[in-house]
Number of protein chains: 2
Amino acid sequence: MGQWPDRRILDLLGIELPILQAPMSGFSTVEMAVAVSQAGGLGALACAQLSVSQAEDELISFRQSTNRPINLNFFCHRALPANPVAMAAWRKRLRGYFDELGLDPDAEPLAASRLPFDEAYCALVERHRPEIVSFHFGLPQAGLLARVKATGARVLSSATTVAEAVWLEEQGVDAVIAMGAEAGGHRGSFLAQDMNAQPGTFALVPQVADAVRVPVIAAGGIADARGVVAALALGASAVQVGTAFLFCPEAKISDVHRRALDTAADDNTQITNVLTGRPARGLTNRLMREVGPISSLAPAFPTAAGPLAPLKAKAEAAGFGNFSSLWAGQSARLAPHLPAAELTRRMASEALDRLSA
Amino acid sequence: MGQWPDRRILDLLGIELPILQAPMSGFSTVEMAVAVSQAGGLGALACAQLSVSQAEDELISFRQSTNRPINLNFFCHRALPANPVAMAAWRKRLRGYFDELGLDPDAEPLAASRLPFDEAYCALVERHRPEIVSFHFGLPQAGLLARVKATGARVLSSATTVAEAVWLEEQGVDAVIAMGAEAGGHRGSFLAQDMNAQPGTFALVPQVADAVRVPVIAAGGIADARGVVAALALGASAVQVGTAFLFCPEAKISDVHRRALDTAADDNTQITNVLTGRPARGLTNRLMREVGPISSLAPAFPTAAGPLAPLKAKAEAAGFGNFSSLWAGQSARLAPHLPAAELTRRMASEALDRLSA
């Protein structure tokens, strides 16, 4: 194999291939992370829907399988106090769907289960010292961040605009993930409010590279070797790939989501806030069409998801994703449908072939 | 200089450098087109706001200046019959602005002046035989298209989705311009309705390249050599550059627009339909914020622009772009502010340097 033209991320993270598996809360698995890290990329464990003990189990399992580096990922939204007025308005908006599906609209909804990084997760990081810790939705408060950095972990976070990238650099991240509008799943946005103004990967990456000194990891729309080469050309030192890993056998994914992914095209995803309360890109479904894609009625993340849970469960049991988070980026169609290790190696080797051609 | 890895567009269009100046109706000029074509790229004359005799004058002027190829560009929207109900609702929505600016809201608005390709423009093409004819918003009806092709002109049109690219290829275009969501000005969309689902350049270009056999020209977010190299890596054979040419001295651009462009960032443009009735990307201004960015009240293209004309004129006279079409793409910030010939040559030579590095 040839040489990578930019070794900054490789040296910073201690990896061989400039390919990071995106942490995908609820979909990525320990098996996926192990496969990617053993292949020479960087695997990730997404902790947002894991308790501390579940996250610890996954990390221990990873360590038993490989001595390669791991990226432990956390959400760092601010958990807001309950807002009964907003929740009542949301449940009222959804009431027709409960009636249609024969569900009790007055049953108390489950609390949504995405937890922000906190003292307990921080203690987990201190105990196990993952080589890389990444955050989504900005960064945790300064005291917690300082403790993470004191463990020696390299810290990453996502920027969806140049302003967010500059802010992250000022707070001391070791690299910025420039997440273009094409990306699937939750936008990393934390300063940007207006989803209509989110820049695409092609515009974002070079402008972030011009604005910060830390290395840049490109994300959004990268699902094959062409994307790796293009991202490097735009100024990135590495790429983060999400959706393409959803097609791996190591992904934990519902039948409904998998079938929806098989219909993915360049133009059938949207950024929506109606599934969780925060903007995320997924395959357009009935809830997005009828209530969203963006609605001011969706209560704060993650509480919007609570009342949707019974609708989602009943619809999925009947084979429909009408109320499901069918996360996907705009390049799902390019994904090669390979096991995670092979996907990682092939993207890298084909990219190197193209770079040396 | 080194060699371009893909000569398909160079050979098809008879040019030396794979850089097309985007036709920008109202902003590009004969001087710009001459400079780009003489530099080895492909200059364009945008005819949508020119009468047949004005277009003919520009073409004659181009031919007197250079014997290089020219791209004559036309809009091909369907001109709809007047819709007095929709227009009355639009004028009612704008009434407060007329009051605020001390303008008579009941004065009869001027008709908007963007004309679709028709018999008379087609006769112009037959008389002058431009080497390249390009269309925006799809293609003209089959009889006119056949006459254009019979002149020997190479025909181009823009696709904003894979489905549009496939349709254009089926109708016989010689190359497809894959126009990602980052692009400034009017979206080329003609099948796609939902602007929330428009793919970014990074996702669109490889998926179009996989779907069609004709060569692909990438557009959207390309404003420097990094973008040229990245577009070629994604599968394009050439690039079309718009916004970067707005900073050239050859651009015909209002003071208000020029000052707005100086504030352009990655995250302060939006796709809006309130300025003309068709979706277009521009710097966010007051009308977009308060009435749009997308409004079902905006009447059909181009008639929405009619009632805005007096508001635009009065606001611009006071130095404000509140009602102006401040078209810009998401990579305006990357533009190098050079004369058009130098911009063309520098993007090409720096791209070749990067390709051979």
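A brief structural summary. Worth saying up front: this structure is predicted, and the values here are computed from it rather than measured.

## Details of the overall build of chain A
Helix and strand content of chain A: 14 helices and eleven strands. A globule of 357 residues ought to have a C-alpha radius of gyration of about 21 Å, and chain A, at 19 Å, matches this closely. Considered along the principal axes of its C-alpha atoms, chain A spans approximately 60 × 45 × 40 Å. Buried positions account for 62% of the 357 residues belonging to chain A. Pairs at least 24 apart in sequence give 68% of the contacts found in chain A among residues at least 6 apart. Summed over all atoms, the accessible surface of chain A reaches about 13300 Å², with 50% contributed by carbon and sulfur. Taking the 31 positively charged and 34 negatively charged side chains of chain A as two groups, their mean positions are separated by 1 Å.

## Describing the relation of the copies chain A and chain B
For the pair chain A and chain B, the relating rotation is 180 degrees, the translation along its axis is 0.0 Å, and the fit reaches an RMSD of 0.0 Å. Accordingly, the operation relating the two chain copies is best matched by a two-fold axis. Residue A:Ala230 of chain A places its C-alpha closer to the rotation axis than any other residue of that unit, at 2.0 Å.

## Some words on the sheet that holds strand β5 (residues 154-159) of chain B
Residues and elements named next belong to chain B. The strand order across the open sheet formed by eight strands is β1-β9-β8-β6-β5-β4-β3-β2, and the pairing between neighbours is parallel. Here the strands that pair on one side only, and so sit at the sheet edges, are β1 (19-21) and β2 (43-46). Taken pair by pair, the neighbouring strands of this sheet meet at an average axis angle of 25 degrees, ignoring direction. Across three bridges, strand β8 (residues 216-219) lies against strand β9 (residues 238-241) in parallel orientation. Across the sheet, the residue bridging to alanine 218 is valine 239, located in β9.

## Describing the pairing of strand β4 (residues 132-136) of chain A
All names here are of chain A. Burial within β4 is extensive, with five of its five residues counted as buried. The alternating pattern of β4 places Ile132, Ser134 and His136 and Val133 and Phe135 on opposite faces, both of which are buried. As defined by bridge partners, strand β3 (residues 70-75) adjoins β4 across five bridges and the pair is classed as parallel. Bridged to phenylalanine 74 within β4 is phenylalanine 135. On the question of chirality, the crossover connecting β4 to the parallel strand β5 (residues 154-159) by way of helix α6 (residues 142-150) is right-handed.

## With respect to the packing of helix α9 (residues 225-233) of chain A against helix α8 (residues 201-211) of chain B
Between α9(A) and α8(B), the shortest axis-to-axis distance is 11 Å and the interhelical angle comes to 140 degrees. By the angle between their directions, the pair α9(A) and α8(B) is classed as oblique. Between α9(A) and α8(B) lies a crossing of right-handed hand. Of α8(B), the residues touching α9(A) (which contributes A:Arg226, A:Gly227, A:Ala230 and A:Ala231) are B:Phe202, B:Pro206, B:Ala209 and B:Asp210. Of the residues assigned to the contact of α9(A) with α8(B), the class counts are five nonpolar, one polar and two charged.

## Quick look at the sheet that holds strand β7 (residues 185-186) of chain B
Here we have three strands laid out as an open sheet, ordered β7-β11-β10 (chain B), and antiparallel in their pairing. In the strand order of this sheet, the two ends are held by β7 and β10 (269-272) of chain B, each with one partner.

## Section: the interface of chain A and chain B
For an interface, size is often stated in terms of accessible area lost upon the parts coming together. With 39 residues of chain A in contact, the opposing surface of chain B contributes 39 residues. Each partner contributes to the roughly 2900 Å² buried at the junction of chain A and chain B, and carbon and sulfur atoms together form 54% of this total. On the chain A side of the interface with chain B, the three residues burying the most area are A:Phe202, A:Arg226 and A:Asp266, jointly 24% of the side's total. Along the contact surface separating chain A from chain B lie two salt bridges. With a closest N to O distance of 2.9 Å, B:Arg226 and A:Asp210 form a salt bridge. One can count twelve residue pairs in polar contact (both at pLDDT 80 or more) joining chain A with chain B. In terms of residue count, helix α8 (residues 201-211) of chain A provides more of the side of chain A that touches chain B than any other element does, eight residues in total. Looking at the side of chain A that touches chain B residue by residue, the class counts come to 17 nonpolar, 13 polar and nine charged.

## What about helix α7 (residues 162-171) of chain A?
Residues and elements named next belong to chain A. Among the residues of α7, those classed as buried are Val162, Glu164, Ala165 and Leu168. Buried residues of α7 fall within an arc of 160 degrees about the axis and therefore sit on the same side. Where the residues of α7 are buried, they touch β5, β6 (175-179) and α8. Downstream of α7 by one or two residues, glycine 172 has phi in the positive range, about 100 degrees.

## Here we look at the environment of A:Ser158
All names here are of chain A. Relative to the elements of secondary structure, serine 158 occurs in strand β5. For serine 158, a relative accessible area of 3% corresponds to the buried category. For the pair formed by serine 158 and leucine 139, sequence separation is 19 residues and the distance between their alpha carbons is 9.3 Å. In this view, serine 158 contacts Phe135, His136, Leu168, Ile177, Met179, Gly188 and Phe190; residues no more than four positions away in its chain are not counted.

## Overview of the side chain of A:Thr151
Residues and elements named next belong to chain A. By the secondary structure assignment, threonine 151 is in the loop between α6 and β5. Residue threonine 151 is classed as buried on the basis of its relative accessible area, which comes to 11%. Dropping the residues within four chain positions of it, threonine 151 is found in contact with Val125, Glu126 and Arg129.

## Topic: the packing of aromatic side chains
All names here are of chain A. Inspection of the entire model under this criterion finds 19 aromatic pairs over all chains. Measuring from ring centre to ring centre gives 5.9 Å for phenylalanine 75 and phenylalanine 301, while their planes differ by 55 degrees; the resulting arrangement is tilted. Here phenylalanine 75 is found in strand β3, whereas its partner phenylalanine 301 is found in the loop between α12 (286-291) and α13 (305-317), with 226 residues between them in sequence. You can call phenylalanine 75 buried: its relative accessible area is 6%. Given the relative accessible area of 7%, phenylalanine 301 is considered buried. What links up through ring pairs into an aromatic cluster is the set Phe74, Phe117, Tyr121 and Phe135. We note arginine 278 situated over the ring of phenylalanine 137; from NZ or CZ to the ring centre the distance is 3.8 Å.

## As for helix α2 (residues 30-39) of chain B
Residue and element names in this part refer to chain B. The buried fraction of α2 is high, at eight of ten residues. Within the sequence span of α2, burial applies to Val30, Met32, Ala33, Val34, Ala35, Val36, Ser37 and Ala39. On its buried face, α2 is in contact with β1, β2, α3 (52-65), β3 (70-75), α10 (243-246) and α14 (340-356). Glycine 40 occupies a position one or two residues after α2 and carries a positive phi of about 115 degrees.

## Brief notes about the environment of B:Pro84
Residue and element names in this part refer to chain B. Mapped onto the fold, proline 84 is located in helix α4 (residues 84-101). Residue proline 84 is classed as exposed on the basis of its relative accessible area of 62%. When the C-alpha positions of proline 84 and methionine 288 are compared, they lie 23 Å apart, and in sequence the two are 204 residues distant.

## A look at the side chain of A:Ser134
All names here are of chain A. Within the secondary structure, serine 134 is located in strand β4. The class of serine 134 is buried, set by a relative accessible area of 1%. When near neighbours in sequence (up to four residues on either side) are disregarded, serine 134 contacts Pro23, Asn71, Leu72, Asn73, Phe74 and Leu156.

Definitions and limits used
- Residues numbered from 1 in each chain as written.
- Chains lettered and ligands numbered in written order.
- Predicted model: local features only at pLDDT ≥ 70, side-chain atom pairs only at ≥ 80, totals over all residues.
- Heavy atoms only, no water.
- Helix = DSSP H or I, 4+ residues; strand = E, 2+ residues; numbered from the N terminus.
- Rg over C-alpha atoms; globule rule 2.2 N^0.38 Å.
- Buried < 20%, exposed > 50% of the residue type's maximum accessible area, 1.4 Å probe, protein only.
- Contact = heavy atoms within 4.5 Å.
- Areas by Shrake-Rupley, 256 points an atom, 1.4 Å probe, with all protein chains shown as cover.
- Lys, Arg positive; Asp, Glu negative; His and termini not counted.
- Charge placed at Lys NZ, Arg CZ, Asp CG, Glu CD.
- Least-squares fit on C-alpha atoms with pLDDT ≥ 70 in both.
- Pairing = 2+ DSSP bridges.
- Axes fitted to C-alpha atoms, helices over the stretch in contact; angles between N-to-C directions.
- Right-handed = clockwise from strand over helix to strand, strands pointing away.
- Parallel < 35°, antiparallel > 145°, perpendicular 65-115°, else oblique.
- Left-handed = near helix turned anticlockwise from the far one by under 90°.
- Nonpolar A, V, L, I, M, F, W, Y, C, P; charged D, E, K, R; others polar.
- Buried area = accessible area lost by both parts, 1.4 Å probe.
- Salt bridge = Lys/Arg side-chain N within 4 Å of Asp/Glu carboxyl O.
- Polar contact = N/O pair within 3.5 Å; in protein donor to acceptor, adjacent residues only side chain to side chain.
- Arc of directions from axis to C-beta.
- Phe/Tyr/Trp six-rings, centres within 6.5 Å; stacked < 30°, edge-to-face > 60°.
- Lys NZ or Arg CZ within 6 Å of the ring centre and 35° of its normal.

Honestly, that's just the spatial picture; any functional story needs more than this.
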